[in-house]
Amino acid sequence: MRSREITEGIPVFDENGNRLGESKAAAKSAIVQVVVSRILMATPGMLLPPIIMQKLEQGDFLKRLPWAKAPIQVGLVGFTLIFATPLCCALFPQKSSLPVSRLESGLQEEIQRCADPPSTVYFNKGL
């Protein structure tokens, strides 16, 4: 889905929002951040409900009401996502930064030609 960003790069800006160019290194950094946050977002929903359901199945409640298993599982997954989604989206700032030294050499040279070259560039990591 984001292969175009890897092949062409994403816009990078200085601290004042001035566009400095397109960076493939910034794109890779953004994609890594998004992938990590999405994996961590799904983890609580895959770990907590099975543990809780196992404990509930050992008791009498689900033996008396076996039809309640599916609604309880859906509710547990929904409940974990209510908290996991915003927390994991907040792991990395939407406006991420990268030192100029980690950018492609051509873009580094272009940035160094600026009147007051920044040492850090900023980019939108996406969702």
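Refer to the structure above for everything that follows.
These lines cover the structure that appears in this document, whether it is placed above or below. Since the structure is predicted, the reported quantities are computational estimates derived from the model, not experimental observations.

1. Description of the side chain of Ser96
Here's step 1: Among the secondary structure elements, Ser96 is positioned in strand 3 (residues 95-99).
Here's step 2: The exposure class assigned to Ser96 is buried, which follows from its relative accessible area of 2%.
Here's step 3: Residues within four places of Ser96 in sequence aside, it is in contact with Gln33, Val121, Tyr122, Phe123 and Lys125.

2. Some words on the pattern of salt bridges
Note that side chains of opposite charge can pair when their charged atoms are close.
Here's step 1: Across all of its chains, the model carries 3 salt bridges by this definition.
Here's step 2: A salt bridge links Glu8 to Arg4, with the shortest nitrogen-to-oxygen separation between them at 3.1 Å. In this pair, Glu8 and Arg4 both sit in helix 1 (residues 3-8), 4 residues apart, roughly one turn of the helix.
Here's step 3: Note on Arg4: relative accessible area 49%, which makes it partly exposed.
Here's step 4: Between Arg19 and Glu22 there is a salt bridge, with its nearest N and O atoms 1.9 Å apart.
Here's step 5: For Arg19, a relative accessible area of 52% corresponds to the exposed category.

3. Topic: helix 2 (residues 24-58)
Every α-helix carries 3.6 residues per turn, so stepping three or four residues along brings you back to the same face.
Here's step 1: Over its 35 residues, helix 2 runs 52 Å from end to end, which matches the ideal 51 Å to within 8%, given 1.5 Å per residue.
Here's step 2: Buried within helix 2 we find Ala26, Ala27, Ser29, Ala30, Ile31, Gln33, Val34, Ser37, Met41, Gly45, Pro49 and Met53.
Here's step 3: The N-terminus of helix 2 is capped by Ser23, whose side-chain oxygen sits 3.2 Å from the backbone nitrogen of Ala25.

4. Quick notes on the pairing of strand 2 (residues 19-23)
Two faces, one strand: in a regular strand the side chains alternate between the faces of the sheet.
Here's step 1: Bridge analysis of strand 1 (residues 10-13) against strand 2 gives 4 bridges, and the strand direction is antiparallel. Following the sheet pairing, Pro11 is matched in strand 2 by Glu22.
Here's step 2: In sequence, strand 1 turns back onto strand 2 through a hairpin of 5 residues, with Gly17 there showing a positive phi of about 90°.

5. Quick look at a nonpolar patch on the surface
Here's step 1: A cluster of nonpolar side chains, Val32, Val36, Leu40 and Leu91, forms an exposed patch at the surface whose accessible area comes to about 310 Å².
Here's step 2: Tracing the sequence through the fold places Val32 in helix 2.

6. Details of the environment of Glu15
Here's step 1: Positionally, Glu15 belongs in the loop between strand 1 and strand 2.
Here's step 2: Sequence separation of Glu15 and Ser97 is 82 residues, and the distance between their C-alpha atoms is 9.6 Å.
Here's step 3: Leaving out residues up to four positions away in the same chain, Glu15 has contacts with Lys95, Pro118, Thr120 and Tyr122.

7. Here's the deal with the packing of aromatic side chains
Note on aromatic pairs: each is described by the distance of the centres and the angle between the planes.
Here's step 1: If you walk through the whole model with that rule in mind, you get 1 aromatic pair.
Here's step 2: Ring centres 5.1 Å apart and planes at 70° place the aromatic pair Phe79 and Phe83 in the edge-to-face group. Taken together, the residues span about one helical turn, with Phe79 and Phe83 both in helix 4 (residues 69-89) at a distance of 4 residues.
Here's step 3: Of note, Lys95 hangs over the ring of Tyr122, and the distance from its end group to the ring centre comes to 5.1 Å.

Calculation notes
- Residues numbered from 1 in each chain as written.
- Predicted model: local features only at pLDDT ≥ 70, side-chain atom pairs only at ≥ 80, totals over all residues.
- Heavy atoms only, no water.
- Helix = DSSP H or I, 4+ residues; strand = E, 2+ residues; numbered from the N terminus.
- Buried < 20%, exposed > 50% of the residue type's maximum accessible area, 1.4 Å probe, protein only.
- Contact = heavy atoms within 4.5 Å.
- Salt bridge = Lys/Arg side-chain N within 4 Å of Asp/Glu carboxyl O.
- Expected span 1.5 Å × (residues − 1).
- Polar contact = N/O pair within 3.5 Å; in protein donor to acceptor, adjacent residues only side chain to side chain.
- Pairing = 2+ DSSP bridges.
- Patch = residues over 30% accessible without salt bridge, like charges linked within 9 Å, V, L, I, M, F, W, Y side chains within 5 Å.
- Areas by Shrake-Rupley, 256 points an atom, 1.4 Å probe, with all protein chains shown as cover.
- Phe/Tyr/Trp six-rings, centres within 6.5 Å; stacked < 30°, edge-to-face > 60°.
- Lys NZ or Arg CZ within 6 Å of the ring centre and 35° of its normal.

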